[in-house]
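Structural description and commentary
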2 protein chains.
Amino acid sequence: MSLDTARMVQMANAIRALSMDAVQAANSGHPGMPMGMADVATVLWSEYLKHDPKAPDWADRDRFVLSAGHGSMLIYSLLHLSGYERPTMEDIRNFRQLGSPCAGHPENFLLDGVESTTGPLGQGLAMAVGMAMAERHLNAAFGDDLVDHRTWVIAGDGCLMEGINHEAIGLAGHLKLGRMVVLWDDNNITIDGTTDLSTSEDIKARYEATGWHVVSCDGHDFADIRRALDEAVADDRPSLVACKTVIGKGAPNKQGTSATHGAPLGDDEISAARAMLGWDAKPFEVPEKVLTDWRDTAERGRQSHSEWDVRLANQEQRGEFERRMAGDLPKNFSLDNYIQSLMAEPQKVATRKASEMTLAQINGKLPETIGGSADLTGSNNTKAGGITAFTADDYSGRYVYYGIREFGMAAAMNGMALHGGVIPYGGTFLVFTDYCRAAIRLSALQQQRVVYVMTHDSIGLGEDGPTHQPVEHVQSLRMMPNVLVMRPADAVETAECWEIALRQKARPTVLALSRQGLPQVRNAPDEIGMCSRGAYRLKKNGNAPKVTLVASGSEVHVALDCAEQLEKQGVGAQVVSMVCTELFDEQDDAYRSDILPDNTLKVSIEAGTTFGWERYVGIDGLTIGIDRFGASAPAGDLFAKFGLTAEAIVPQIMNKLND
Amino acid sequence: MSLDTARMVQMANAIRALSMDAVQAANSGHPGMPMGMADVATVLWSEYLKHDPKAPDWADRDRFVLSAGHGSMLIYSLLHLSGYERPTMEDIRNFRQLGSPCAGHPENFLLDGVESTTGPLGQGLAMAVGMAMAERHLNAAFGDDLVDHRTWVIAGDGCLMEGINHEAIGLAGHLKLGRMVVLWDDNNITIDGTTDLSTSEDIKARYEATGWHVVSCDGHDFADIRRALDEAVADDRPSLVACKTVIGKGAPNKQGTSATHGAPLGDDEISAARAMLGWDAKPFEVPEKVLTDWRDTAERGRQSHSEWDVRLANQEQRGEFERRMAGDLPKNFSLDNYIQSLMAEPQKVATRKASEMTLAQINGKLPETIGGSADLTGSNNTKAGGITAFTADDYSGRYVYYGIREFGMAAAMNGMALHGGVIPYGGTFLVFTDYCRAAIRLSALQQQRVVYVMTHDSIGLGEDGPTHQPVEHVQSLRMMPNVLVMRPADAVETAECWEIALRQKARPTVLALSRQGLPQVRNAPDEIGMCSRGAYRLKKNGNAPKVTLVASGSEVHVALDCAEQLEKQGVGAQVVSMVCTELFDEQDDAYRSDILPDNTLKVSIEAGTTFGWERYVGIDGLTIGIDRFGASAPAGDLFAKFGLTAEAIVPQIMNKLND
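Residues numbered from 1 in each chain as written. Chains lettered and ligands numbered in written order. Predicted model: local features only at pLDDT ≥ 70, side-chain atom pairs only at ≥ 80, totals over all residues. Heavy atoms only, no water.

1. Description of the overall build of chain A
Looking only at helices and strands, one finds 27 helices and 20 strands in chain A. For chain A, the spread of C-alpha atoms along the three principal axes comes to 90 × 55 × 45 Å. Looking at the 659 residues of chain A, the share that counts as buried comes to 69%. Nonlocal contacts in chain A, meaning residues at least 24 apart in sequence, comprise 77% of its contacts between residues at least 6 apart. Accessible surface for chain A amounts to roughly 20000 Å². Of this, 46% is attributable to carbon and sulfur atoms. Across chain A, the centroid of the 61 positively charged side chains sits 2 Å from that of the 87 negatively charged ones. (Helix = DSSP H or I, 4+ residues; strand = E, 2+ residues; numbered from the N terminus. Buried < 20%, exposed > 50% of the residue type's maximum accessible area, 1.4 Å probe, protein only. Contact = heavy atoms within 4.5 Å. Areas by Shrake-Rupley, 256 points an atom, 1.4 Å probe, with all protein chains shown as cover. Lys, Arg positive; Asp, Glu negative; His and termini not counted. Charge placed at Lys NZ, Arg CZ, Asp CG, Glu CD.)

Spelled out as structure tokens, the structure:
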């Protein structure tokens, strides 16, 4: 049931007015997109989007992603007009000011109804793919009664031009995510000017080539928009709706030009726009009739929600569904028994293999994990515990063959985590964090539990050479806020790290795992859980040690070798496994200075850049690492070449002590 | 003139034999691709590729890029068989061993004839786009007589699935780079299995949608390959040649499966392959007749080269052409006069604006620069000095509208630099180094002069918020080997940094530039060139200073404010501008300890992560920065919120001094 056109026009104009006024007040922002897409958004939100403004966390709501996040006033307007508690009009008045939830780009942690942080172009759409995957998976697990919703995206030319678009739509097309609809703001304008400055692509043909359904509409004709959305909803492929729009629609002198894209329109143009739109209300005021029309649109969703509540109440799986949507692990979840078994029978395995062994445990205990790899399944050891493929024919599967799409994988995992009900993990080589770094950053910023299984974590990768050997990556990821970077030394630490990662409800984890086999260095059953402190003393020395060796991952056993040789030379040495600097930094002063005592020579050993290790070993310490690109050769030869052996390190320590 | 099929078969089998034997000897590597593409590569190298094995640096040679770099034995075989000085057969025997130029992936710095380092998938093809752009540009500048060659690429499914492929082919199609030909190894296999595990894309349709010409062939039928290549050469669009191949062709039991992709075939299978191929020669031996046929193919290129030499000798522009291809700057190139003018009339400008002012100088003096931006021209201030657009209609232009393709831009710049004759620079926001980080790494690894103009370098970006505010990026790029990261404080430093960047023949530079206006802090005319030492004393204090403030970029003037306030309180303070840590680290001990004296309290101030600054200020120093994500607000409010003002910092210094 649609309102008449005149009322729809006013509803859309409310978006236009709020957008141009807020941008003007902030003296920065992007009025062009919200004004151009106001008509499409009005149809979508008032007639199609399933949501309940009074219950923004309703599990079966449709997900709406504003991939073109710079047009943030569009979603702030929609949320306010639809009746969400926030943003208030005061919030909108303070658009882009310190403390306002109406930030420059929409942030999922600032406002309910903002399903994801968008702004870095292309990633919103790619996260939506993950949301649509999670929806189908949970539908397979819990049925139509509980999970049956759509994922809607508004995307601009920028989102479609970015490389990640190719990965995202390739994955969505392959997986036949028919409940995903992308509304493309086809306005022919980018920041630099018209799109023909930089592209000649037939976007519709490209989408069709990747298995998408494509339909076009006039983005300023309500009936035509409805026709296109109906067609999109009816098709069983993911749909691209090309909405032909005029950027900045309503600004008489500037509409249709890049001048409206990213700058305030100016007072004169805003006055002219008001005249053109027939919008008499003052800035930040919405006429009562228009607001009522908007608020009434919520009724549809409220009713759906009530019906859903009834269905949920009658569901046998209710408890499990609620647990999963809350992101809680089962109360009895623990890997302690498995770790005890490792203590009893130590394993010399690569930590990537140890991760597989751990995953065999985890995937059996946690039905919510969804694993995958960017075409390195056998190398990342990510398929474990008997999970089967997630495919277009079987969405109940829990293993995603992401293809050679690292960035697309990471963004999809963000989308799954944001959707909720699943815990995504995925693998590639650690060096290829460079390909998906922008998505790892969004895992962190959005406070999402995503586990990155990054194998082949050093020159230990060997023959593939410097393009595949991460030397700066571990350290550079440690600098990213709100990410746990963990580099376990053996099978026990790997299991502990996995458990810590799974228990983080508000941050991602990067597991840096070795290609090569590593001896088990922790064998004392009373020491389960040490990794939770970030660093701990693995080898003690009772006699006032002179040297503290601090190492991570595959260099921990090298540090133990060094300690042994030092002690043979009468130099007391202790060994600290620095499995996670972020967790260690969170410990209290007493713990930290006990682990890294001032009265010893501190030596860091890590097969990567030495830059930054001064924080732990001091300026007077020794930092052993690799401050250049690696090389192609068998791993053992490389460790020798780069001096990461006890033979090469111990003499440097002795020299330093004798200085 | 083609050889008969039987001889061509043997030439191709020589590639197959060398590939499977070398991988077997190394006990690691990828035999499948070289064996599958041996027939295509034989036709290409023996009949189409314009090259002179005795003069691998001939400026007008065709460029050949093995984008599927894991199949490195293909190019090592081709180089050896064609008569390049290296690799020798001994080099090939030592495939993937320490010291062999036959590394796991081809490295441009190890072997002539390897035009680019490939291995990180997708980037080879994207670099080839840059090579093809450079070729057309130099053709426009120097004419058909001197520059008239093609760019050939061999790419696999992985290269085509990566997101960067979309950016690269979109750019190439838009620019109508008709002299670029991509030979796609269409073998339906990836590491995880058949391509239908992860993709359902109609690749040919996608390429056609982006303005490419597409032709298919049977990759094991010489005549059909020739037909397709002829068609590709004749078309004025860039061409994709879909070569239907069998991966591991010749290995009777494994061909056509992912088992041949990334592991040795095993002795039994190799014996069986020898039988199937009719190849009797021992490992690492090539029958004289086959070798002669291969070596004879070089004659075509040798002759072209001779003719070209004659044309060059008669060219008026010879000197300029040779200078540019050698990568030398004009002898009289200097920015000193411009810098003197800044000293005379200090400018308060954003460093991005200072960069534009400098570029206006540079682009006037250096015809070899090719600038651009990933759709942020007006923000990055990269179009300066009257340069015009590089378009399909006018390749003489020197400004590229790269579109919203950061990764594609960076890779294309690598390709231009590798091609030679041009110096590429390009801009985006600093935070989007995350989108192109994998290409920045290849600039560094390949030792190429590429200048990244990365603006909006901190929370000073303001209202766009945390997705657009780089807090970890400057520091994380400093960790990457062989990259100069420069963060100038004012217009003078910006000019000096540009000149240093242009004089680096073997490393890239990242310029981190402010959005916001900054006062000019260096006004002493006798101090031109200080940035070349990486850090220098900007404000001296004669009276045994107690405090050394170390800052970069937009925080240098904050440090000067701090110093002033400290001195008012009777605390002597000096200020060091740390414009480039890498250059500072290269200075001798005496200089470094003079600049950062031990007997002062050292304080770092940078609007980014504090992690790593301990290297310069010690454990006992103060590190002032931002160890969290930013926020959306006007820049001034953010600097206050995050405590990056003298008012917030000086009390911390006083406390520390009084500790």
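Here the narrative resumes, following the displayed structure.
2. Notes on the pattern of salt bridges
Residues and elements named next belong to chain A. For the structure on display, the rule yields 86 salt bridges over all chains. The residue arginine 61 makes a salt bridge to glutamate 115 at a minimum N-O spacing of 2.6 Å. You can see arginine 61 sitting in the loop between α3 (38-48) and β1 (63-66) and its partner glutamate 115 sitting in the loop between α5 (89-93) and α6 (123-142), a full 54 residues away along the chain. By relative accessible area, which is 11% here, arginine 61 ends up buried. For glutamate 115, a relative accessible area of 10% translates into the label buried. The salt bridge partner of glutamate 527 is lysine 540, with a shortest N-O separation of 3.5 Å. Of this pair, glutamate 527 sits in the loop between β15 (517-518) and β16 (535-539) while lysine 540 sits in the loop between β16 and β17 (547-551), and the two are 13 residues apart along the sequence. Within the structure, one salt-bridge network assembled from shared partners comprises Asp457, Arg478, Arg487, Glu555 and Glu606. (Salt bridge = Lys/Arg side-chain N within 4 Å of Asp/Glu carboxyl O.)

3. Considering the domain arrangement of chain A
All names here are of chain A. In terms of domains, chain A is made up of domain 1 (5-306), domain 2 (335-519) and domain 3 (533-658). On a C-alpha basis, the centroid separation for the pair domain 1 and domain 2 is 33 Å. Taken together, the contact between domain 1 and domain 2 spans 29 residues of the former and 32 residues of the latter. For the pair domain 1 and domain 2, the summed buried surface comes to about 2500 Å²; carbon and sulfur atoms form 69% of the total. Contact with domain 2 buries area across many residues of domain 1, yet Gln123, His137 and Glu167 alone supply 23% of it, more than any other trio. Linking domain 1 to domain 2 there are 0 salt bridges. (Domains from an automatic or database assignment. Buried area = accessible area lost by both parts, 1.4 Å probe.)

4. A look at the side chain of arginine 61 of chain B
Residues and elements named next belong to chain B. Of note is the side chain of arginine 61, whose polar atom sits 3.2 Å from the backbone oxygen of proline 56. One polar contact links the side chain of arginine 61 to the main-chain carbonyl oxygen of aspartate 57, over a distance of 3.4 Å. Every residue in contact with arginine 61, bar those within four places of it in the chain, is listed here: Lys50, His51, Pro56, Glu115 and His149. (Polar contact = N/O pair within 3.5 Å; in protein donor to acceptor, adjacent residues only side chain to side chain.)

5. Examining the UniProt feature "site: Important for catalytic activity" (unreviewed entry) in chain A
The positions that UniProt labels "site: Important for catalytic activity" (unreviewed entry) are, in the present scheme, His30 and His261 of chain A. Spanning 232 residues, the annotated positions come together in the fold, the maximum distance between their C-alpha atoms being 5.4 Å. Note that histidine 30 of chain A resides in the loop between α1 (5-26) and α2 (32-36). Overall, the relative accessible area of 11% leaves histidine 30 of chain A in the buried class. Look past the residues within four positions of histidine 30 of chain A in its chain and what remains in contact with it is Val23, His70, Gly71, Arg96, His261 and Gly262 of chain A together with Asp464 of chain B. Within the local environment of histidine 30 of chain A, its side chain forms a polar contact with the backbone oxygen of histidine 70 of chain A, the two atoms lying 3.5 Å apart. Relative to the assigned elements, histidine 261 of chain A resides in the loop between β7 (239-244) and α11 (267-277). Once residues lying within four places of it in the same chain are set aside, the contact partners of histidine 261 of chain A are Gly29, His30, Pro31, Gly32, His70, Ile191 and Ile247 of chain A. (UniProt positions renumbered as here; feature names shortened; annotations may be inferred.)

6. Details of the interface of chain A and chain B
Residue-level contacts link 92 residues of chain A with 92 residues of chain B. Roughly 8000 Å² of surface becomes buried between chain A and chain B when both sides are summed, with 60% attributable to carbon and sulfur atoms. There are 8 salt bridges connecting chain A and chain B. Ionic pairing is found between arginine 441 of chain B and glutamate 472 of chain A, a salt bridge with its closest N-O pair at 2.7 Å. Taken together, chain A and chain B are joined by 54 residue pairs in polar contact (both at pLDDT 80 or more). Here the element with the most residues in the side of chain A that touches chain B is helix α19 (residues 433-445) of chain A; it accounts for 8 residues. Looking at side-chain class alone, the side of chain A that touches chain B contains 36 nonpolar, 33 polar and 23 charged residues. (Nonpolar A, V, L, I, M, F, W, Y, C, P; charged D, E, K, R; others polar.)

7. Quick notes on the sheet that holds strand β9 (residues 369-373) of chain A
Picture the strands of a sheet paired through backbone hydrogen bonds; they go either parallel or antiparallel. Residue and element names in this part refer to chain A. The strand order β10-β9-β11-β12-β14-β13 describes an open sheet built from 6 strands, whose pairing is parallel. Where the open sheet ends on each side, the last strands, each with one partner, are β10 (399-401) and β13 (484-486). For this sheet the average axis-to-axis angle between neighbouring strands, irrespective of direction, equals 20°. Those strands touched by helix α18 (residues 406-419) are β9, β11 (423-429) and β12 (451-455), and its axis lies near 165° from that of β11. (Pairing = 2+ DSSP bridges. Axes fitted to C-alpha atoms, helices over the stretch in contact; angles between N-to-C directions.)

8. Structural notes on the packing of aromatic side chains
Under the defined criterion, the tally for this structure stands at 36 aromatic pairs over all chains. Considering the side-chain rings of phenylalanine 429 of chain A and phenylalanine 432 of chain A, the 6.2 Å spacing of their centres and the 20° angle between planes classify their relative orientation as stacked. Residue phenylalanine 429 of chain A shares its accessibility class with phenylalanine 432 of chain A, and that shared class is buried. A network of ring pairs unites the aromatic residues Phe584, Tyr591, Trp613 and Tyr616 of chain A together with Phe611 of chain B as a single cluster. When the ring centre of tyrosine 399 of chain A is taken as reference, the NZ or CZ atom of lysine 383 of chain A above it lies at 5.9 Å. (Phe/Tyr/Trp six-rings, centres within 6.5 Å; stacked < 30°, edge-to-face > 60°. Lys NZ or Arg CZ within 6 Å of the ring centre and 35° of its normal.)

9. Observations regarding the relation of the copies chain A and chain B
The relation between the two copies of this chain is a rotation about an axis and a shift parallel to it. Each copy superposes on the other: chain A lies on chain B with an RMSD of 0.0 Å after a rotation of 180° and an axial shift of 0.0 Å. Look at the turn and shift together and you get a two-fold axis relating the two. Here 100% of the interface residues in chain A have copies in chain B that are interface residues too; the copies meet face to matching face. (Least-squares fit on C-alpha atoms with pLDDT ≥ 70 in both.)

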